[in-house]
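One letter stands for each residue in the lines below.
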Protein chains: 2
Amino acid sequence: MKIILDAMGGDNAPLAILQGAADAVKELGVQIVAVGDQKKIHACVAEHGISLDGMEVLHADEAIEMCDEPAKAIRTKKNSSMVIGLRALAEGQGDAFVSAGSTGALHVGASLIVRTVKGVKRPALASVVPGGENPFLLMDCGANVECRPQMLNAFGVMGSVYMQKVMGVAQPKVALVNNGAEESKGTPLYQAAHQLLKANPSIRFIGNIEPRDVPTGAADVVVCDGFTGNVILKLTEGLAKTLVGQLKPIFKRNLLTKLAFLAVKDGMKKFKQKMDADEYGGAPLLGTAKPVIKAHGSSNAKAIKNAIRQAKKCAEMNLSEIMQENLAALQAAESEV
Amino acid sequence: MKIILDAMGGDNAPLAILQGAADAVKELGVQIVAVGDQKKIHACVAEHGISLDGMEVLHADEAIEMCDEPAKAIRTKKNSSMVIGLRALAEGQGDAFVSAGSTGALHVGASLIVRTVKGVKRPALASVVPGGENPFLLMDCGANVECRPQMLNAFGVMGSVYMQKVMGVAQPKVALVNNGAEESKGTPLYQAAHQLLKANPSIRFIGNIEPRDVPTGAADVVVCDGFTGNVILKLTEGLAKTLVGQLKPIFKRNLLTKLAFLAVKDGMKKFKQKMDADEYGGAPLLGTAKPVIKAHGSSNAKAIKNAIRQAKKCAEMNLSEIMQENLAALQAAESEV
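Below is a summary of the structure that appears in this document. (Residues numbered from 1 in each chain as written. Chains lettered and ligands numbered in written order. Predicted model: local features only at pLDDT ≥ 70, side-chain atom pairs only at ≥ 80, totals over all residues. Heavy atoms only, no water.)

## A closer look at the environment of Ala71 of chain A
All names here are of chain A.
Move 1: Position of Ala71 relative to the elements: it lies in helix α3 (residues 70-76).
Move 2: Residue Ala71 is classed as partly exposed on the basis of its relative accessible area, which comes to 29%.
Move 3: Considered as a pair, Ala71 and Ser202 are 131 residues apart in the sequence and their alpha carbons are 34 Å apart. (Helix = DSSP H or I, 4+ residues; strand = E, 2+ residues; numbered from the N terminus. Buried < 20%, exposed > 50% of the residue type's maximum accessible area, 1.4 Å probe, protein only.)

## Focus on the sheet that holds strand β3 (residues 55-59) of chain B
Residues and elements named next belong to chain B.
Move 1: Ordered in space as β3-β2-β1-β4-β11-β10-β5-β6-β9-β7-β8, the 11 strands form an open sheet in which the pairing is mixed. Edge positions in the open sheet fall to β3 and β8 (204-209), since each of these has one partner strand only. Sheet twist, expressed as the mean angle between neighbouring strand axes with direction ignored, is 25°.
Move 2: Here helix α10 (residues 301-316) sits on the sheet in contact with β1 (2-6), β2 (31-36), β4 (96-99), β10 (283-286) and β11 (292-294), set at roughly 135° to β1. (Pairing = 2+ DSSP bridges. Axes fitted to C-alpha atoms, helices over the stretch in contact; angles between N-to-C directions. Contact = heavy atoms within 4.5 Å.)

## Focus: the packing of aromatic side chains
Move 1: As enumerated under the stated definition, the model contains 2 aromatic pairs over all chains in all.
Move 2: Relative to Phe227 of chain B, the ring of Tyr190 of chain A has its centre 4.5 Å away and its plane inclined at 35°; by these criteria the two rings are tilted. Separated into two different chains, Tyr190 of chain A in helix α7 (residues 188-198) and Phe227 of chain B in helix α8 (residues 226-252) make up a pair that spans both. Neither residue differs from the other here; Tyr190 of chain A and Phe227 of chain B are each classed as buried. (Phe/Tyr/Trp six-rings, centres within 6.5 Å; stacked < 30°, edge-to-face > 60°.)

## Thoughts on the nonpolar core
Move 1: In this structure, Ile32, Tyr162 and Ile308 of chain A together with Ile32, Tyr162 and Ile308 of chain B are the most contacted members of the largest nonpolar core, which totals 210 residues.
Move 2: Residues in contact with Ile32 of chain A, not counting those within four places in the same chain, are Ile3, Leu5, Ala21, Val25, Gly54, Met55, Glu56 and Ile308 of chain A.
Move 3: Counting residues in hydrophobic clusters, the runner-up holds 14 residues, among them Phe251 and Ala260 of chain A together with Leu247 and Val264 of chain B. (Core = buried A, V, L, I, M, F, W, Y, C linked by side-chain atoms within 4.5 Å.)

## Observations regarding the interface of chain A and chain B
Move 1: Contacts between the two partners involve 47 residues from chain A and, on the opposite side, 48 residues from chain B.
Move 2: A buried area of about 4300 Å², summed over both sides, lies between chain A and chain B, and 75% of it is on carbon and sulfur atoms.
Move 3: Scanning the region where chain A abuts chain B turns up 2 salt bridges.
Move 4: In this structure, the salt-bridge partner of Arg212 of chain B is Glu237 of chain A, at a minimum N-O distance of 3.8 Å.
Move 5: Only α7, α8 (226-251) and α9 (255-274) of chain A provide two or more residues apiece to the side of chain A that touches chain B.
Move 6: Among the elements that make up the side of chain A that touches chain B, the one with the highest residue count is α8 of chain A (18 residues). (Buried area = accessible area lost by both parts, 1.4 Å probe. Salt bridge = Lys/Arg side-chain N within 4 Å of Asp/Glu carboxyl O.)

## Here we look at helix α6 (residues 149-165) of chain A
Counting along an α-helix, one turn takes 3.6 residues, and residues three or four places apart therefore face a common direction.
Move 1: Helix length check: α6 of chain A, at 17 residues, gives a terminal C-alpha distance of 25 Å against a target of 24 Å (1.5 Å per residue), a fit within 8%.
Move 2: Here α6 of chain A lies mainly inside the structure; 14 of its 17 residues are buried. (Expected span 1.5 Å × (residues − 1).)

## Focus: the sheet that holds strand β3 (residues 55-59) of chain A
Residues and elements named next belong to chain A.
Move 1: Overall, mixed pairing links the 11 strands, which are arranged β3-β2-β1-β4-β11-β10-β5-β6-β9-β7-β8 in an open sheet. Either end of the sheet is taken by a strand with one partner, and the two such strands are β3 and β8 (204-209). Strand-to-strand twist across the sheet, computed as the mean angle between neighbouring axes with direction ignored, equals 25°.
Move 2: Bridge count for strand β5 (residues 124-129) against strand β6 (residues 136-139) is 4 bridges, and the pairing is antiparallel. Looking across to β6, one finds that Val129 is bridged to Phe136.

## Concerning the relation of the copies chain A and chain B
Move 1: The transformation that overlays chain A on chain B combines an axial shift of 0.0 Å with a rotation of 180°, and the residual RMSD is 0.0 Å. Accordingly, the operation relating the two chain copies is best matched by a two-fold axis. Ranked by how close their C-alpha atoms come to the rotation axis, the residues of chain A are headed by Ala260 of chain A, at 2.0 Å.
Move 2: A share of 100% of the interface residues of chain A reappears at the interface of chain B, consistent with the copies meeting face to face through the same patch. (Least-squares fit on C-alpha atoms with pLDDT ≥ 70 in both.)

## Some points on the pattern of salt bridges
Move 1: The full count for this structure, using the stated rule, is 14 salt bridges over all chains.
Move 2: Between Glu56 of chain A and Lys2 of chain A there is a salt bridge, with the nearest N and O atoms lying 3.0 Å from each other. A residue pair is termed long-range when its members are at least 10 positions apart, and Glu56 of chain A in strand β3 and Lys2 of chain A in strand β1 (residues 2-6) qualify at 54 residues.
Move 3: By relative accessible area, which is 37% here, Glu56 of chain A ends up partly exposed.
Move 4: Ionic contacts of the salt-bridge type, sharing partners, join the residues Glu210 and Arg212 of chain A together with Glu237 of chain B into one network.

Listed below in structure tokens is the structure:
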């Protein structure tokens, strides 16, 4: 199993990326193709004593920056680590690709270079979100801000396959975000999507989910358009931060409250770990012909290692092929109607 | 100042409504018209020793239930407390209307019976949300799931007037929810709304606000379509509940952690109070010809009293007229283009 890695993408590149890669080689038994500036990579591993065992370096002159316009960057920066890495994946030099670089560029690049499975025009960005009971898959998270009802139906299928094969959930519950439980709720997009999901035999659709129930983990796959998914994902991040920020001064008030914090410190740490999205790896781009994983821009070595673990699992499970089959069955059923 | 009150709406009607009304008469110096079943109201006040000083009762045979289809309920339940109350407002028997009943029915009823100011087709549902620093106004919160760009622009104007006149914010910062700071972000609706808000001279538009920054209170007025607003409002509720629910077992683990809780109990209580939406009253329907306030369905007496306080302030400030003027100026400017 060989994972191609964008060594130059993300806030902590290349150090955190290479550290995560070295850990992955040791712990997960994978081989790594690290794509990036050869000189910088060798200087970095020498300085920090990182082993290149199990890793090969694929040279790339430049890197795509977060401020680059995505489509333009993919078109013009042919020698960037992201474009070279995606091309290597398309040509079969590895089994999956991981990048902590620009989400927009990765989305465009994956569509154009790796291509999508039949029935999917543009891949969807899915995210594993820590929930009250269990983590759930939220999709689309912002790659497709405008959706058609058929796309939301395909999200249900792809999300279901992902939760089953990668997260080990036996019969994933699929729900549609909406402002009420009734089928008639929401915009015309959501009304139409509800009917398609309801009639879809390949998933376990449990109906609409109201936003207040999303964090409880009542559904394993939470389907919505990319604008709404982005709101859910980012608001969850912001709100958790705001709430935790408001707890801090409560514990810092005096000696007694500081002692109180010591008593609950362990519990708080475990709680923080549970709410830590890094534990679940990155955000998979679903619907690509081969696995592509977007790691968080601020990924540390642990997050990169977990994203590599996730990429490995996607490749082992032949995720793209299974999705293709499931989507084809759906299209056949639709054309029968 | 006379506030008309739907005595039969909400989970805790009529008891909590009448208690809140009696408190409002004492504390706020308002008069109340309590609309509802005369027999039930008199039985309730007798049983619980609530004074009817400063209150008159306007009899209504029936009540609109939460399960009733909104438009049909307003059309067919002519003798319901909500319809009779709204009619009383339209006819000038009071200065504002407060109901904890069905949001959908109140929205339809206010549009049809109280009518809207010029330039507003359907009133917007706004909500005062507790933020990191200060509370902010979120609108629309679900009354208008489909919006045109002009509607989002009008939300900016109405929200700005509300925050200024009712919440006492000198120059309210208005922001548009979007999945990025750049003007080009979002769906065509959001792209067009951004341009209108930017060109609007009557508000202080600070640009797009990313969902992660919404809870910090970085903006005083947060503008979005009703589908998105509903997601933000309900997800905030659900997430706060989930997070607090996860803190509980941390404090309950053993004697030490239970003692720790005692040390931070006061701080936690104040925090809960700050995050308690009941403190800020209800959700105003903005753009109605006269003030209409939707109190939370689960309102207790305190929430009802605060909703009455809010209704009083809206009426005192001639909110509807000021909104009308501001919207007219906007339309004049638009027609000049």
